Amino acid sequence: MALSREEREQFLADPHVAALAVDEGEKERAPLTVPIWYQYAPGGDIWIMTGRDSRKGRAIAQAGRFCLMIDRLEPTIRYVSVEGPVTETIPSTRELLQEISARYLPADKVDAYVDMAWKSHGEQVVIHMQPQRWVSSDLGSL
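Residues numbered from 1 in each chain as written. Predicted model: local features only at pLDDT ≥ 70, side-chain atom pairs only at ≥ 80, totals over all residues. Heavy atoms only, no water.

Draft legend 1. Main features of the overall build of the protein. When helices and strands are tallied, the protein shows four helices and eight strands. For the protein, the succession of helices and strands along the chain, N to C, is α-β-β-β-β-α-β-β-α-α-β-β. In summary, the protein has a C-alpha radius of gyration of 16 Å against a globular reference of 14 Å for 142 residues, a match within 12%. Oriented by its inertia axes, the alpha-carbon framework of the protein measures out at about 45 × 45 × 25 Å. Considering the protein as a whole, with its 142 residues, one finds that 41% of them fall into the buried category. Look at the contacts in the protein between residues 6 or more apart in sequence, and 70% of them connect residues 24 or more apart. In the protein, the 16 positive side-chain charges and the 21 negative ones have mean positions that sit 3 Å from each other. (Helix = DSSP H or I, 4+ residues; strand = E, 2+ residues; numbered from the N terminus. Rg over C-alpha atoms; globule rule 2.2 N^0.38 Å. Buried < 20%, exposed > 50% of the residue type's maximum accessible area, 1.4 Å probe, protein only. Contact = heavy atoms within 4.5 Å. Lys, Arg positive; Asp, Glu negative; His and termini not counted. Charge placed at Lys NZ, Arg CZ, Asp CG, Glu CD.)

Draft legend 2. Structural view of the nonpolar core. By size, the foremost hydrophobic cluster in this structure holds 33 residues, and its most contacted members are Leu20, Tyr38, Ile46, Ile48, Phe66 and Leu68. If we ignore the near neighbours within four places in the chain, the residues touching isoleucine 48 are Leu20, Ile36, Trp37, Tyr38, Ile60, Phe66, Val125, Val126 and Ile127. (Core = buried A, V, L, I, M, F, W, Y, C linked by side-chain atoms within 4.5 Å.)

Draft legend 3. Helix H1 (residues 5–13), seen in detail. Along H1, the residues that are buried comprise Arg8, Glu9, Phe11, Leu12 and Ala13. Residues of H1 that are buried make contact with strand E3 (39–40), strand E4 (46–51), strand E5 (65–72), strand E6 (77–91), helix H3 (94–104) and strand E8 (133–140).

Draft legend 4. Structural context of the environment of serine 54. Tracing the chain through its elements places serine 54 in the loop between E4 and helix H2 (55–63). On the basis of relative accessibility, which here comes to 18%, the residue serine 54 falls in the buried class.

Draft legend 5. A look at unusual backbone geometry. Proline 75 follows glutamate 74 through a cis peptide bond whose omega is 5°. Within the secondary structure layout, proline 75 lies in the loop between E5 and E6.

Draft legend 6. Broad picture of the packing of aromatic side chains. All told, the structure shown has three aromatic pairs when counted by the stated rule. An angle of 10° between the planes, with centres 4.9 Å apart, marks the rings of tryptophan 37 and tyrosine 104 as stacked. Here tryptophan 37 is found in the loop between strand E2 (32–36) and E3, whereas its partner tyrosine 104 is found in helix H3, with 67 residues between them in sequence. Taking relative accessible area as the criterion, tyrosine 104 reaches 17% and is therefore assigned buried. Ring centres of tryptophan 37 and tyrosine 113 lie 5.6 Å apart, and the angle between their planes is 50°; this geometry places the pair in the tilted category. A residue pair is termed long-range when its members are at least 10 positions apart, and tryptophan 37 in the loop between E2 and E3 and tyrosine 113 in helix H4 (residues 107–120) qualify at 76 residues. (Phe/Tyr/Trp six-rings, centres within 6.5 Å; stacked < 30°, edge-to-face > 60°.)

Draft legend 7. How the structure looks around the side chain of serine 81. Tracing the chain through its elements places serine 81 in strand E6. Those residues in contact with serine 81 that sit more than four places away from it in its chain are Cys67, Leu68, Met69, Arg133, Trp134 and Val135.

Draft legend 8. Highlighting the side chain of glutamate 24. Mapped onto the fold, glutamate 24 is located in the loop between strand E1 (18–22) and E2. Here the side chain of glutamate 24 touches arginine 55 through a polar contact of 2.8 Å, side chain to side chain. (Polar contact = N/O pair within 3.5 Å; in protein donor to acceptor, adjacent residues only side chain to side chain.)

Draft legend 9. View of the packing of H3 against H4. At a minimum axis separation of 10 Å, H3 and H4 run at an interaxial angle of 135°. Relative to H4, the element H3 is oriented oblique. Judged by the twist between their axes, the crossing of H3 over H4 is right-handed. Contacts between H3 and H4 involve Arg94, Leu97, Gln98, Ser101 and Ala102 on the former and, on the latter, Val110, Asp111, Tyr113, Val114, Asp115, Ala117 and Trp118. Grouping the amino acids of the contact of H3 with H4 by side-chain chemistry returns seven nonpolar, two polar and three charged. (Axes fitted to C-alpha atoms, helices over the stretch in contact; angles between N-to-C directions. Parallel < 35°, antiparallel > 145°, perpendicular 65-115°, else oblique. Left-handed = near helix turned anticlockwise from the far one by under 90°. Nonpolar A, V, L, I, M, F, W, Y, C, P; charged D, E, K, R; others polar.)

Note that all results are geometric; they support no functional claim without further evidence.
Here's what the structure looks like:
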């Protein structure tokens, strides 16, 4: 059964690891698909953080859009897939790295992770996507 707008937006707002898919433009290859952290509040844009020169960063810049798919198995089998255009790409800040890290990591691990990532991950960008197309379902507990 498809989720209502409110259900799918709330599910997306919860801290799940997403599968990001983006077309790299190569004729005989499937889209690049990788796990990624993301940030979202109902009604707003989704944003992700990646290396400016990373494979996914280059592919998103070329395609101008990407897709995220989020799922869970308990307490029911549920998924949301959302796709849309890139609306903005900006340089990352330490504050944004702190925000997204706090979404996924235990509070006592965030500062150490941010320190390590800020020093070792190289130049990062934040890519905003406007949700345009949604596919969602809750299959219940099978």
